[in-house]
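Reading the structure
Chain residues, written in single-letter form:
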Amino acid sequence: MRSKVVTIDRHIIDQERNHPGASGRFSALLYDIALAAKIISREVNMAGLIDVLGRTGERNVHGEQVQKLDAFAQEVIVKAMDHAGHLCCMVSEECDEIIAIPERFELGNYVLLFDPLDGSSNINVNVSIGTIFSIHQRVTPAGTPGTTSDCLQPGSRQLAAGYVIYGSSTMLVYTTGVEGGVHGFTLDPSIGEFLLSNPHIRIPDPPARVYSVNEAYYSRWSEPQRRLTDHFRSGRDEGGGHDPEGYKSRYIGSLVSDAHRTLLQGGLFMYPAETRAPAGKLRVLYEAAPLALVFEAAGGRASDGRRDITSIVPTGLHDRTPLFLGSASLVNVAESYLQS
Ligand code: AHM
Ligand code: MG
(Lines give C-alpha, C1' and ligand atoms only; values in the text may rest on other atoms or scores of the structure.)
(Ligands and ions follow the chains in the order given, each with its own letter.)
Protein backbone atom coordinates (compact mmCIF):
# COMPACT_ATOMS: atom_id res chain seq x y z
CA MET A 1 0.00 0.00 0.00
CA ARG A 2 1.39 3.44 -0.87
CA SER A 3 1.46 6.00 1.86
CA LYS A 4 0.91 9.73 1.45
CA VAL A 5 4.04 11.76 0.62
CA VAL A 6 4.30 14.72 3.00
CA THR A 7 7.21 17.14 2.77
CA ILE A 8 8.40 18.95 5.87
CA ASP A 9 7.15 22.26 4.42
CA ARG A 10 3.69 20.78 3.92
CA HIS A 11 3.73 19.33 7.43
CA ILE A 12 4.72 22.66 8.99
CA ILE A 13 1.93 24.47 7.10
CA ASP A 14 -0.59 21.81 8.19
CA GLN A 15 0.56 22.14 11.81
CA GLU A 16 0.14 25.90 11.56
CA ARG A 17 -3.47 25.49 10.45
CA ASN A 18 -4.12 24.04 13.92
CA HIS A 19 -3.08 27.42 15.37
CA PRO A 20 -5.25 29.99 13.56
CA GLY A 21 -3.56 32.97 15.27
CA ALA A 22 -0.07 31.96 14.12
CA SER A 23 1.85 34.62 12.21
CA GLY A 24 3.68 32.24 9.91
CA ARG A 25 7.01 33.49 11.27
CA PHE A 26 7.47 30.43 13.43
CA SER A 27 6.82 28.08 10.53
CA ALA A 28 9.24 30.03 8.37
CA LEU A 29 11.85 29.63 11.11
CA LEU A 30 11.46 25.84 11.10
CA TYR A 31 11.63 25.89 7.33
CA ASP A 32 14.96 27.79 7.45
CA ILE A 33 16.35 25.25 9.94
CA ALA A 34 15.44 22.46 7.52
CA LEU A 35 17.22 24.32 4.73
CA ALA A 36 20.39 24.71 6.82
CA ALA A 37 20.18 21.00 7.67
CA LYS A 38 20.12 20.07 3.98
CA ILE A 39 23.24 22.13 3.29
CA ILE A 40 25.10 20.66 6.28
CA SER A 41 23.96 17.17 5.29
CA ARG A 42 25.37 17.61 1.80
CA GLU A 43 28.71 18.70 3.22
CA VAL A 44 28.83 15.91 5.83
CA ASN A 45 28.14 13.36 3.10
CA MET A 46 30.92 14.82 0.98
CA ALA A 47 33.37 14.84 3.87
CA GLY A 48 35.20 11.73 2.72
CA LEU A 49 35.53 13.03 -0.82
CA ILE A 50 36.67 16.58 -0.46
CA ASP A 51 39.32 17.98 1.75
CA VAL A 52 37.12 19.24 4.53
CA LEU A 53 38.32 16.86 7.18
CA GLY A 54 40.94 17.84 9.70
CA ARG A 55 41.21 20.39 12.41
CA THR A 56 41.24 24.13 11.90
CA GLY A 57 43.59 24.44 14.82
CA GLU A 58 41.25 26.84 16.63
CA ARG A 59 39.85 26.04 20.05
CA ASN A 60 36.22 26.67 20.93
CA VAL A 61 35.04 28.24 24.20
CA HIS A 62 35.30 24.87 25.96
CA GLY A 63 38.97 24.49 25.02
CA GLU A 64 38.21 21.75 22.48
CA GLN A 65 39.74 21.69 19.01
CA VAL A 66 37.31 22.92 16.39
CA GLN A 67 37.08 20.83 13.26
CA LYS A 68 36.37 22.32 9.89
CA LEU A 69 32.90 20.89 9.57
CA ASP A 70 31.89 22.41 12.92
CA ALA A 71 32.91 25.82 11.67
CA PHE A 72 31.10 25.22 8.39
CA ALA A 73 27.88 24.09 10.10
CA GLN A 74 28.00 27.07 12.42
CA GLU A 75 28.32 29.47 9.51
CA VAL A 76 25.58 27.80 7.47
CA ILE A 77 23.08 28.04 10.33
CA VAL A 78 23.92 31.66 11.13
CA LYS A 79 23.69 32.67 7.46
CA ALA A 80 20.43 30.78 6.93
CA MET A 81 18.82 32.30 10.00
CA ASP A 82 20.06 35.87 10.54
CA HIS A 83 18.32 37.83 7.81
CA ALA A 84 14.69 36.69 7.68
CA GLY A 85 13.41 38.83 10.57
CA HIS A 86 12.36 35.90 12.78
CA LEU A 87 15.11 36.09 15.42
CA CYS A 88 16.27 38.66 17.97
CA CYS A 89 19.53 36.74 18.57
CA MET A 90 21.13 33.31 18.38
CA VAL A 91 23.47 31.43 20.64
CA SER A 92 25.59 28.40 19.81
CA GLU A 93 27.67 25.86 21.66
CA GLU A 94 30.60 26.97 19.53
CA CYS A 95 30.45 30.66 20.54
CA ASP A 96 31.28 32.27 23.83
CA GLU A 97 28.77 35.10 23.46
CA ILE A 98 25.37 35.72 21.94
CA ILE A 99 25.31 35.97 18.14
CA ALA A 100 23.71 39.32 17.36
CA ILE A 101 21.47 39.88 14.34
CA PRO A 102 23.29 42.32 12.02
CA GLU A 103 21.83 45.84 12.21
CA ARG A 104 20.77 45.84 8.57
CA PHE A 105 18.26 43.04 9.23
CA GLU A 106 14.89 43.17 10.95
CA LEU A 107 14.66 41.84 14.52
CA GLY A 108 12.12 39.16 15.37
CA ASN A 109 10.54 37.63 18.45
CA TYR A 110 12.32 34.29 18.65
CA VAL A 111 15.67 33.05 19.94
CA LEU A 112 17.53 30.15 18.33
CA LEU A 113 19.90 28.07 20.45
CA PHE A 114 21.91 25.37 18.71
CA ASP A 115 24.77 22.94 18.68
CA PRO A 116 25.82 23.08 15.01
CA LEU A 117 27.57 19.71 14.82
CA ASP A 118 27.56 17.60 17.94
CA GLY A 119 29.88 14.62 18.27
CA SER A 120 32.50 16.21 16.05
CA SER A 121 35.25 13.91 17.31
CA ASN A 122 33.40 11.18 15.37
CA ILE A 123 33.57 12.96 12.01
CA ASN A 124 36.87 11.41 10.96
CA VAL A 125 35.63 7.86 11.56
CA ASN A 126 32.32 8.15 9.71
CA VAL A 127 30.13 7.80 12.81
CA SER A 128 26.78 9.61 12.71
CA ILE A 129 26.80 13.14 14.06
CA GLY A 130 24.07 15.71 14.46
CA THR A 131 22.75 19.23 14.83
CA ILE A 132 20.58 20.08 17.85
CA PHE A 133 18.28 23.12 18.02
CA SER A 134 15.93 24.86 20.41
CA ILE A 135 13.58 27.81 19.92
CA HIS A 136 12.31 30.19 22.59
CA GLN A 137 10.06 33.23 22.46
CA ARG A 138 11.95 36.35 23.49
CA VAL A 139 11.22 37.88 26.91
CA THR A 140 12.73 41.32 26.25
CA PRO A 141 10.83 44.08 24.36
CA ALA A 142 10.16 43.58 20.65
CA GLY A 143 12.36 45.53 18.27
CA THR A 144 15.44 45.55 20.54
CA PRO A 145 18.44 43.25 20.17
CA GLY A 146 18.13 39.97 22.09
CA THR A 147 19.98 39.60 25.39
CA THR A 148 21.10 36.76 27.65
CA SER A 149 17.70 36.98 29.43
CA ASP A 150 16.12 35.78 26.20
CA CYS A 151 18.49 32.80 26.16
CA LEU A 152 18.56 31.79 29.83
CA GLN A 153 15.04 30.35 29.95
CA PRO A 154 14.09 26.92 31.30
CA GLY A 155 13.54 24.15 28.79
CA SER A 156 9.85 24.00 29.70
CA ARG A 157 9.42 27.31 27.85
CA GLN A 158 10.80 26.02 24.54
CA LEU A 159 8.41 26.55 21.65
CA ALA A 160 10.11 23.89 19.58
CA ALA A 161 13.21 21.75 19.62
CA GLY A 162 14.74 18.95 17.66
CA TYR A 163 17.77 17.49 16.02
CA VAL A 164 19.13 16.42 12.68
CA ILE A 165 21.07 13.18 12.47
CA TYR A 166 23.54 12.76 9.63
CA GLY A 167 23.60 8.99 9.48
CA SER A 168 22.99 6.23 6.96
CA SER A 169 20.26 8.65 5.97
CA THR A 170 19.72 12.21 7.18
CA MET A 171 16.74 12.64 9.47
CA LEU A 172 15.22 15.71 11.06
CA VAL A 173 13.19 15.10 14.21
CA TYR A 174 11.29 17.95 15.83
CA THR A 175 8.58 18.74 18.31
CA THR A 176 6.55 21.73 19.33
CA GLY A 177 5.77 20.06 22.66
CA VAL A 178 3.44 17.37 23.99
CA GLU A 179 0.41 18.65 22.08
CA GLY A 180 2.17 18.79 18.72
CA GLY A 181 3.94 15.44 19.15
CA VAL A 182 7.28 14.38 17.73
CA HIS A 183 7.74 13.90 14.00
CA GLY A 184 10.65 12.52 12.00
CA PHE A 185 11.51 13.35 8.38
CA THR A 186 14.02 11.57 6.18
CA LEU A 187 15.92 13.50 3.55
CA ASP A 188 15.42 12.16 0.04
CA PRO A 189 18.65 13.38 -1.55
CA SER A 190 17.38 12.79 -5.08
CA ILE A 191 14.73 15.50 -4.71
CA GLY A 192 16.32 17.46 -1.86
CA GLU A 193 13.23 17.21 0.35
CA PHE A 194 12.67 16.03 3.91
CA LEU A 195 9.74 13.59 3.72
CA LEU A 196 7.62 12.61 6.70
CA SER A 197 8.82 9.11 7.59
CA ASN A 198 8.11 8.81 11.34
CA PRO A 199 4.92 10.64 12.28
CA HIS A 200 3.90 10.84 15.95
CA ILE A 201 6.97 9.12 17.39
CA ARG A 202 6.33 7.51 20.81
CA ILE A 203 9.18 6.04 22.79
CA PRO A 204 8.38 2.30 23.10
CA ASP A 205 6.95 1.12 26.40
CA PRO A 206 7.95 -1.41 27.59
CA PRO A 207 11.34 -0.19 26.36
CA ALA A 208 14.24 -2.09 24.85
CA ARG A 209 16.42 -3.29 27.72
CA VAL A 210 19.37 -1.17 26.74
CA TYR A 211 21.51 1.17 28.82
CA SER A 212 23.99 3.57 27.35
CA VAL A 213 26.86 5.19 29.24
CA ASN A 214 30.61 5.62 28.96
CA GLU A 215 31.61 2.91 31.44
CA ALA A 216 35.29 3.80 31.20
CA TYR A 217 34.49 6.52 33.74
CA TYR A 218 33.20 4.04 36.33
CA SER A 219 35.95 4.84 38.85
CA ARG A 220 35.19 8.56 38.52
CA TRP A 221 31.46 8.23 39.27
CA SER A 222 29.62 8.68 42.56
CA GLU A 223 28.73 5.56 44.55
CA PRO A 224 24.99 5.77 43.61
CA GLN A 225 25.91 6.06 39.91
CA ARG A 226 28.07 2.95 40.18
CA ARG A 227 25.25 1.07 41.91
CA LEU A 228 22.81 2.17 39.19
CA THR A 229 25.09 0.84 36.46
CA ASP A 230 25.74 -2.34 38.48
CA HIS A 231 21.97 -2.81 38.55
CA PHE A 232 21.84 -2.95 34.74
CA ARG A 233 24.84 -5.28 34.62
CA SER A 234 23.71 -7.56 37.41
CA GLY A 235 21.05 -9.63 35.67
CA ARG A 236 18.58 -8.77 38.44
CA ASP A 237 15.21 -7.16 37.86
CA GLU A 238 13.94 -4.04 39.60
CA GLY A 239 12.59 -6.11 42.50
CA GLY A 240 15.96 -7.87 43.04
CA GLY A 241 14.84 -11.16 41.40
CA HIS A 242 16.49 -12.89 38.44
CA ASP A 243 16.02 -10.98 35.17
CA PRO A 244 15.89 -13.60 32.39
CA GLU A 245 16.41 -11.06 29.61
CA GLY A 246 19.05 -8.83 31.17
CA TYR A 247 20.24 -5.56 29.67
CA LYS A 248 22.40 -4.80 26.69
CA SER A 249 24.89 -1.96 26.62
CA ARG A 250 25.15 0.40 23.63
CA TYR A 251 27.25 3.55 23.62
CA ILE A 252 28.26 5.36 20.45
CA GLY A 253 29.70 8.49 22.06
CA SER A 254 27.79 10.74 19.68
CA LEU A 255 24.88 12.23 21.57
CA VAL A 256 22.43 12.60 18.70
CA SER A 257 23.04 8.99 17.64
CA ASP A 258 22.66 7.62 21.17
CA ALA A 259 19.55 9.76 21.71
CA HIS A 260 18.00 8.79 18.36
CA ARG A 261 18.43 5.07 19.05
CA THR A 262 16.97 5.55 22.53
CA LEU A 263 13.99 7.48 21.15
CA LEU A 264 13.13 4.85 18.55
CA GLN A 265 13.87 1.70 20.60
CA GLY A 266 13.52 2.84 24.20
CA GLY A 267 16.19 2.41 26.88
CA LEU A 268 18.25 4.73 29.02
CA PHE A 269 21.04 7.08 27.97
CA MET A 270 23.24 8.46 30.76
CA TYR A 271 25.93 11.09 30.89
CA PRO A 272 26.43 11.41 34.64
CA ALA A 273 28.62 13.74 36.65
CA GLU A 274 32.13 12.41 37.19
CA THR A 275 35.19 13.73 39.01
CA ARG A 276 36.64 15.38 35.89
CA ALA A 277 33.24 16.85 34.94
CA PRO A 278 31.52 17.45 38.29
CA ALA A 279 28.54 19.18 36.65
CA GLY A 280 28.39 16.66 33.80
CA LYS A 281 29.70 17.25 30.28
CA LEU A 282 26.62 18.07 28.24
CA ARG A 283 25.27 21.59 27.93
CA VAL A 284 21.86 22.54 29.24
CA LEU A 285 20.87 24.91 26.46
CA TYR A 286 22.19 23.21 23.34
CA GLU A 287 22.01 19.52 24.19
CA ALA A 288 20.04 18.53 27.29
CA ALA A 289 17.00 20.86 27.11
CA PRO A 290 16.14 20.37 23.42
CA LEU A 291 16.46 16.59 23.68
CA ALA A 292 14.41 16.70 26.88
CA LEU A 293 11.53 18.43 25.07
CA VAL A 294 11.65 15.80 22.32
CA PHE A 295 11.64 12.92 24.81
CA GLU A 296 8.88 14.38 26.97
CA ALA A 297 6.71 14.95 23.90
CA ALA A 298 7.33 11.32 22.88
CA GLY A 299 6.24 10.00 26.29
CA GLY A 300 9.76 9.63 27.72
CA ARG A 301 11.63 11.58 30.36
CA ALA A 302 14.85 13.55 30.84
CA SER A 303 16.33 14.18 34.27
CA ASP A 304 19.56 15.39 35.84
CA GLY A 305 19.10 12.64 38.42
CA ARG A 306 16.98 14.78 40.75
CA ARG A 307 14.69 16.95 38.65
CA ASP A 308 13.35 17.26 35.12
CA ILE A 309 15.89 18.79 32.75
CA THR A 310 13.17 21.14 31.46
CA SER A 311 12.79 22.67 34.94
CA ILE A 312 16.44 23.81 35.09
CA VAL A 313 16.80 27.59 34.90
CA PRO A 314 20.26 28.11 33.38
CA THR A 315 22.46 30.81 34.89
CA GLY A 316 25.08 30.86 32.14
CA LEU A 317 25.01 30.27 28.39
CA HIS A 318 27.33 27.29 28.70
CA ASP A 319 26.00 25.62 31.85
CA ARG A 320 26.39 21.85 31.92
CA THR A 321 24.25 19.16 33.47
CA PRO A 322 24.26 15.42 34.12
CA LEU A 323 21.73 13.83 31.75
CA PHE A 324 19.50 10.76 32.09
CA LEU A 325 17.36 10.45 28.99
CA GLY A 326 15.00 7.77 27.82
CA SER A 327 11.97 5.67 28.64
CA ALA A 328 10.14 7.11 31.64
CA SER A 329 10.31 3.85 33.62
CA LEU A 330 14.10 3.66 33.27
CA VAL A 331 14.69 7.34 34.05
CA ASN A 332 12.63 6.68 37.19
CA VAL A 333 14.93 3.77 38.08
CA ALA A 334 17.95 6.05 37.62
CA GLU A 335 16.45 8.71 39.88
CA SER A 336 15.60 6.16 42.56
CA TYR A 337 19.27 5.04 42.75
CA LEU A 338 20.71 8.53 42.54
CA GLN A 339 18.46 9.90 45.25
CA SER A 340 18.95 6.94 47.61
P1 AHM B 1 30.87 17.83 21.79
O2 AHM B 1 29.72 18.77 21.98
O3 AHM B 1 32.19 18.48 22.12
O4 AHM B 1 30.86 17.18 20.44
O5 AHM B 1 30.77 16.72 22.94
C6 AHM B 1 29.57 16.11 23.16
C7 AHM B 1 29.73 14.64 22.90
C8 AHM B 1 28.40 13.96 22.76
O9 AHM B 1 28.06 13.83 21.43
C10 AHM B 1 28.60 12.63 23.42
O11 AHM B 1 27.43 12.15 24.02
C12 AHM B 1 29.67 12.89 24.43
O13 AHM B 1 30.35 14.06 24.01
C14 AHM B 1 30.66 11.77 24.53
O15 AHM B 1 31.57 12.07 25.54
P16 AHM B 1 32.62 10.97 26.06
O17 AHM B 1 33.63 10.82 24.98
O18 AHM B 1 33.17 11.58 27.31
O19 AHM B 1 31.87 9.70 26.33
MG1 MG C 1 27.80 19.19 21.56
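Residues numbered from 1 in each chain as written. Chains lettered and ligands numbered in written order. Predicted model: local features only at pLDDT ≥ 70, side-chain atom pairs only at ≥ 80, totals over all residues. Heavy atoms only, no water.

Turning our eyes to something else, we now look at the overall build of the chain. A count of helices and strands for the chain gives 8 helices and 17 strands. For 340 residues, the compact-globule estimate of 2.2 N^0.38 gives 20 Å, and the chain sits close to it at 20 Å. The dimensions of the chain, computed from C-alpha atoms along their principal axes, are 65 × 50 × 45 Å. Taken over 340 residues, the chain has a buried fraction of 53%. At a minimum sequence separation of 6, the contacts of the chain that also span at least 24 residues come to 64%. Just so you have it, the chain exposes about 15,000 Å², and 51% of that area is on carbon and sulfur atoms. The positive charge centre, built from 31 side chains, and the negative charge centre, built from 39, are 3 Å apart in the chain. (Helix = DSSP H or I, 4+ residues; strand = E, 2+ residues; numbered from the N terminus. Rg over C-alpha atoms; globule rule 2.2 N^0.38 Å. Buried < 20%, exposed > 50% of the residue type's maximum accessible area, 1.4 Å probe, protein only. Contact = heavy atoms within 4.5 Å. Areas by Shrake-Rupley, 256 points an atom, 1.4 Å probe, with all protein chains shown as cover. Lys, Arg positive; Asp, Glu negative; His and termini not counted. Charge placed at Lys NZ, Arg CZ, Asp CG, Glu CD.)

This brings us to the site of ligand 1. Ligand 1 sits among 16 residues. The nearest are D118, Y217, Y251, L255 and Y271. Interatomic distance of 2.6 Å between a side-chain N/O atom of Y217 and an oxygen atom of ligand 1. Contact distances for ligand 1 include 2.5 Å between an oxygen atom and a side-chain N or O atom of Y271. Bound to the protein, ligand 1 loses 86% of the 470 Å² it would expose on its own. Of the residues contributing to the shell around ligand 1, the split by class is 4 nonpolar, 5 polar and 7 charged. Among the domains, domain 1 (8-198) and domain 2 (210-338) are the pair contributing at least three residues each to the shell around ligand 1. (Near = heavy atom within 4 Å. Polar contact = N/O pair within 3.5 Å; in protein donor to acceptor, adjacent residues only side chain to side chain. Nonpolar A, V, L, I, M, F, W, Y, C, P; charged D, E, K, R; others polar. Domains from an automatic or database assignment.)

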